[in-house]
Structures are given as C-alpha cells and as structure tokens.
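# Observations on the three-dimensional arrangement
Each chain, letter by letter, is given below.
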Amino acid sequence: MSTVMTPVTHSIRLTERINRIEPSATMAAVAEAEKLRQQGIDVIDMTAGEPHFATPQHVKDAAIAAIQNNFSKYTPVGGIVELKDAIIRRHADDFGSTYKREETCASVGGKHALFNVISVLVDHGDEVILPVPYWVSFKDMVRYVGGNCVLLEADESQGFRVTAQMVERLITPKTKLIILNSPSNPSGAVMNPADMTAVVRLAHERGIWVISDECYVYLNYTGKNFSVGSLREYKERMVVLGSLSKTYAMTGWRLGYALAPASVVSAMAKLQSQSTSNPTSIVQKAAVAALKGPQECIAEMRREYIELRDHVVKGLRAIPGITCTLPEGAFYAYPNVSSFFGSGGLKSASDVAGRLLREAHVATVPGEGFGTGDHIRVSYATSKAELDRGLERMRNFFTAL
C-alpha cells in the first residue's frame, strides 16, 4: 500500500534590507500600461523615461565594428582606458573639470553608478538630505544600505527651487550626504549655478558629501549648462554621476559613469568587481564613439524637447484645475492635480493616475513615487501627435469629473 506524502510548505523569509524598499513606481506604471496593451487596448504612454529618438548612427556603427573585431572579452572592471579618457575629455571640454583616470569609473548605467556610490558612502544610521520631489530610486537605495533620508521640500511656487539655506536647516551631526539632481526627474527643475555652488560650498565646509546626479545635464533649456564638476576646489567631497542614456538616446545600452576622489572610485570598483564586473565591452566602444564623435545630435534633440515641452505645458495648463510649473530641463512635466481631490471619488495622485489609465487609457506616473502627493509625472519624450492624443483624453477625463 503506497503512502501519498503531503508536501510541507514553508513561508519564504526574505532579508530585512530587501523589505525596506519598494518596486520602482515608474516601472510599475509601465507594467500596468503593458497589461492593457496585451488586451488590445490603445494606451497612450506618457510614462516613458527615455528619449523617443534612435541612437545616433555613428554610435551604432562603433558597436557593430566592435563585434566584428571580436572585442568581446572581459575588460578592466571600471572600463577601458580609452573610455575613461573619453569621459574625462568630454566633461573637461564641456564643463571645465579636471578629473584623472583613477577618478573615473564606468558602470552598467547611471543607476548602477548611483547604487555603487551610495553603497560605499552611506552606512547604517547615516542621514542623507534628499530634495523633494526626488527620482524614485534615490530614497530606496539609501534605505537599502541602512541610511535615513531627510526630506527637503522644494519650493513649487519658485519652480521647485532648492537653496543652501534650505539645506542648512536640515543638517545634523548624522548628515553624511546631500543628493542633488539637476535637471530633475520628475519635475524638470534646474538649480541655478549659484544655488548649486552654495550647496556644494556648504557641504564642503561641514565635511558632508555631495552626489550630483547629472543624467540630464545636457537637456538643460536655460542656456546655462552647468556641472558641479567645474567647482574644482570642492572635488574632495563630491561625486558627479553621468549617463549616456538620455544624452545620446542609449537607454538600453546601459552605460554610466562616476567622477569622484580616487579612494571612492577604488571602493566603487571593488564593489562592482563582486557584482557585474565590467560594463559590456561592445557598449564601451559605442560609448567612446558617442563621447568623442559629433555632438550635433544633442543640440538637435534639445531643440525638439523644448518645442515638445512648450506644447505639453500649454496643453496641461489649458485643462481647468491643473497647474504646472515650467520645466527647465529633462523631458517631464509635473502637473499639480490636487484640485480634483474630492471629485469623482479621487483622493490622491495615485487615484488620478489609476483612473486615467483605466478609464482614459493614458499612462502617467503618480507623484507618491517621487515623494509628493499632489502631482503626476507626464513624459513628453514622444511625438507631438501622440501628445495631442494624450492631452485630449486627459482633458475629457478631468472635464467629466
């Protein structure tokens, strides 16, 4: 007589650190939109955090040549010398910085560089000053490594401005780091050079680190491109993070970098050696071509983004009840939709984004993921025709409330 064994089930116990963080709000919004598309529904996607342009041809040609030339072996963890030199030269030419090879580390995207530097600088109990609204990953990365975020509410009435005085009020003996992101994701706000310099100077005087995430530094519409890397006298407490994703329409290629003191770069490379090792060899060659090749593509993309920005902001402001600051960089608008709370059962930005998706079939990202409860993020990295379709659906939805 055979005995049927009943399998014993055990609950899976995950680490405490993974339970500190949430899935990316932007990725969640993209996934929800994709579910509807799979059902055959025409969804207008205004979540996209990536350029709608194709990668420039000379960059693609360099990658193809790398494959054909069998450049497919491991490389040094922090990138080949040719890539480091290209990063250094491009940054020096554009911003007047003076970094060396040992102060440069290439990574598998800007997000990877950010994770590495937070991991090597922030310890348990350290405080990190983070302006709000913030990019979704900043807070969760800090929490993952055991740090505590101290949130700085930016001034929406002044275009989400952040000043040194606002930062200084939040400094405590536990403050280890200040994170700046200009142009900002999600608001598109650009810190003026004087404010950025004052924050960096304050941090230097107090022995506090500054991470400047400059992923969108070339998508600055003020006419005053600025990197804190140009503030050479403060280099010893500063990390500049860059990415090729937005600048050269290379999001899926995954190539980012850090410019930092040699000791920090060495620690980042040590961590990277135990995780991803080197960025993809072929992508490194493509990145060299992007950084050393013609730069006209950046100006062309920037001109079109300015036209799209003006178009989408005008369309959003034409919807009664919506207010929207003028973004000065990146490719996002961050409209305030709080006037609709209490109408049609809406109580939050998440409610608004959810209903917009389910009823109007327009995908946006709710502001809660960026630290604010009154906004939704709208990407204008798409065609004007697609923006018009999305704006019309949004207008109809809000008017009907």
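In what follows, the structure referred to is the one given above.
A brief look at the structure comes next. (Residues numbered from 1 in each chain as written. Predicted model: local features only at pLDDT ≥ 70, side-chain atom pairs only at ≥ 80, totals over all residues. Heavy atoms only, no water.)

### Quick look at the side chain of Thr47
As for its placement among the helices and strands, Thr47 is situated in the loop between strand E1 (44-45) and helix H2 (57-68). Only 2.5 Å separates the side chain of Thr47 from the side chain of Asp45, close enough to count as a polar contact. Among residues more than four places away in sequence, those in contact with Thr47 are Ala29, Val30, Ala363, Thr364, Val365, Arg377 and Ser379. (Helix = DSSP H or I, 4+ residues; strand = E, 2+ residues; numbered from the N terminus. Polar contact = N/O pair within 3.5 Å; in protein donor to acceptor, adjacent residues only side chain to side chain. Contact = heavy atoms within 4.5 Å.)

### What about the packing of aromatic side chains?
This structure, assessed with the given rule, holds 12 aromatic pairs. With centroids separated by 5.4 Å and ring planes inclined at 80°, the aromatic side chains of Phe53 and Tyr305 adopt a geometry described as edge-to-face. Residue Phe53 is located in the loop between E1 and H2, and its partner Tyr305 is located in helix H10 (residues 296-317); the two are separated by 252 residues in the primary sequence. A residue is classified by how much of its surface remains accessible, and Tyr305, at 0% relative accessible area, is buried. (Phe/Tyr/Trp six-rings, centres within 6.5 Å; stacked < 30°, edge-to-face > 60°. Buried < 20%, exposed > 50% of the residue type's maximum accessible area, 1.4 Å probe, protein only.)

### Structural notes on the sheet that holds strand E9 (residues 332-333)
Pairing is antiparallel in the open sheet, where 3 strands are placed in the order E9-E12-E11. Two strands bound the open sheet, and with one partner strand each, they are E9 and strand E11 (365-366). Pairing analysis gives 2 bridges linking E9 to strand E12 (residues 376-379), with the strands arranged antiparallel. Note on E12: the bridge partner recorded for Ala333 is Val378. (Pairing = 2+ DSSP bridges.)

### Topic: the nonpolar core
In terms of nonpolar packing, the biggest core is built from 122 residues, with Val117, Ile118, Val239, Met394 and Phe398 touching the most fellow members. Of the residues forming this core, the biggest block, 8 residues, is contributed by H10. Contact partners of Ile118, with chain neighbours within four places excluded, come to Met141, Val142, Val145, Ile179 and Ile211. Core analysis: the next-biggest nonpolar cluster, separate from the first, contains 5 residues, Ala33, Val43, Leu357 and Ala363 among them. (Core = buried A, V, L, I, M, F, W, Y, C linked by side-chain atoms within 4.5 Å.)

### Remarks on the pattern of salt bridges
For the structure on display, the rule yields 17 salt bridges. Arg161 is paired through a salt bridge with Asp195; the nearest N and O atoms lie 2.7 Å apart. Highlighted residues: Arg161 in the loop between strand E4 (148-153) and helix H6 (164-168) and Asp195 in helix H7 (residues 193-206), separated in sequence by 34 residues. Using a relative accessible area of 33% as the deciding quantity, one classes Arg161 as partly exposed. Asp195 sits in the buried class, given a relative accessible area of 8%. Taken together, the shared-partner salt bridges connect Asp42, Glu386, Arg389 and Arg393 into one network. (Salt bridge = Lys/Arg side-chain N within 4 Å of Asp/Glu carboxyl O.)

### What to know about the sheet that holds strand E3 (residues 127-132)
Strand order in the open sheet formed by 7 strands is E2-E8-E7-E6-E5-E3-E4, and the pairing between neighbours is mixed. Looking along the sheet, the strands with just one partner apiece sit at the ends: strand E2 (104-107) and E4. Between one strand and the next, the sheet's axes are offset by a mean angle of 20°, whatever the strand orientation. Strand direction decides the pairing type here: E3 and strand E5 (residues 175-181), joined by 3 bridges, are parallel. Looking across to E5, one finds that Ile129 is bridged to Ile178. The strands touched by H7 within the sheet are E5, strand E6 (209-213) and strand E7 (238-243), with E5 carrying the most contacts at an inclination of about 165°. (Axes fitted to C-alpha atoms, helices over the stretch in contact; angles between N-to-C directions.)

### A look at the pairing of E6
Burial of E6 is extensive: 5 of the 5 residues sit out of reach of the surface. Alternating positions in E6 separate into two faces, Trp209, Ile211 and Asp213 on one and Val210 and Ser212 on the other, with burial throughout. Summarising the sheet, E5 and E6 pair through 5 bridges and their orientation is parallel. Opposite Leu177, over in E6, you have Trp209 as the bridge partner. In terms of handedness, the path from E5 via H7 over to E6 forms a crossover that is right-handed. The sheet contact formed by E6 and E7 spans 4 bridges and is parallel. If you follow Ser212 over to E7, its bridge partner there is Val240. (Right-handed = clockwise from strand over helix to strand, strands pointing away.)

### Quick notes on helix H3 (residues 81-95)
Residues spaced three or four apart along an α-helix face the same direction, because each turn holds 3.6 residues. Between its first and last C-alpha atoms H3 spans 21 Å; for 15 residues at 1.5 Å apiece the expected length is 21 Å, and the two agree. Taken together, the buried residues of H3 touch E2, E7, strand E8 (256-259) and helix H9 (281-292). Positive phi shows up at Gly96, right after H3, with a value of about 75°. (Expected span 1.5 Å × (residues − 1).)

### Some words on unusual backbone geometry
Note that the residue after Val132, namely Pro133, is joined by a cis bond; omega there is 5°. Counting through the fold element by element, Pro133 comes out in the loop between E3 and helix H5 (136-144). Here the amide bond leading from Ser182 into Pro183 is cis, since omega sits at -10°, within 30 degrees of zero. Despite not being glycine, Phe160 has its phi angle at roughly 60°, a positive value. The residue Phe160 is located in the loop between E4 and H6 in this model. The exposure class of Phe160 is buried, given its relative accessible area of 8%.

### Quick notes on the environment of Ser182
If you trace the backbone, Ser182 turns up in the loop between E5 and H7. Overall, Ser182 belongs to the buried group, its relative accessible area being 4%. Linking Ser182 and Cys215, residues 33 residues apart in sequence, is a C-alpha distance of 8.2 Å. Among the polar contacts listed, one links the side chain of Ser182 to the backbone nitrogen of Met191, at a separation of 2.9 Å.

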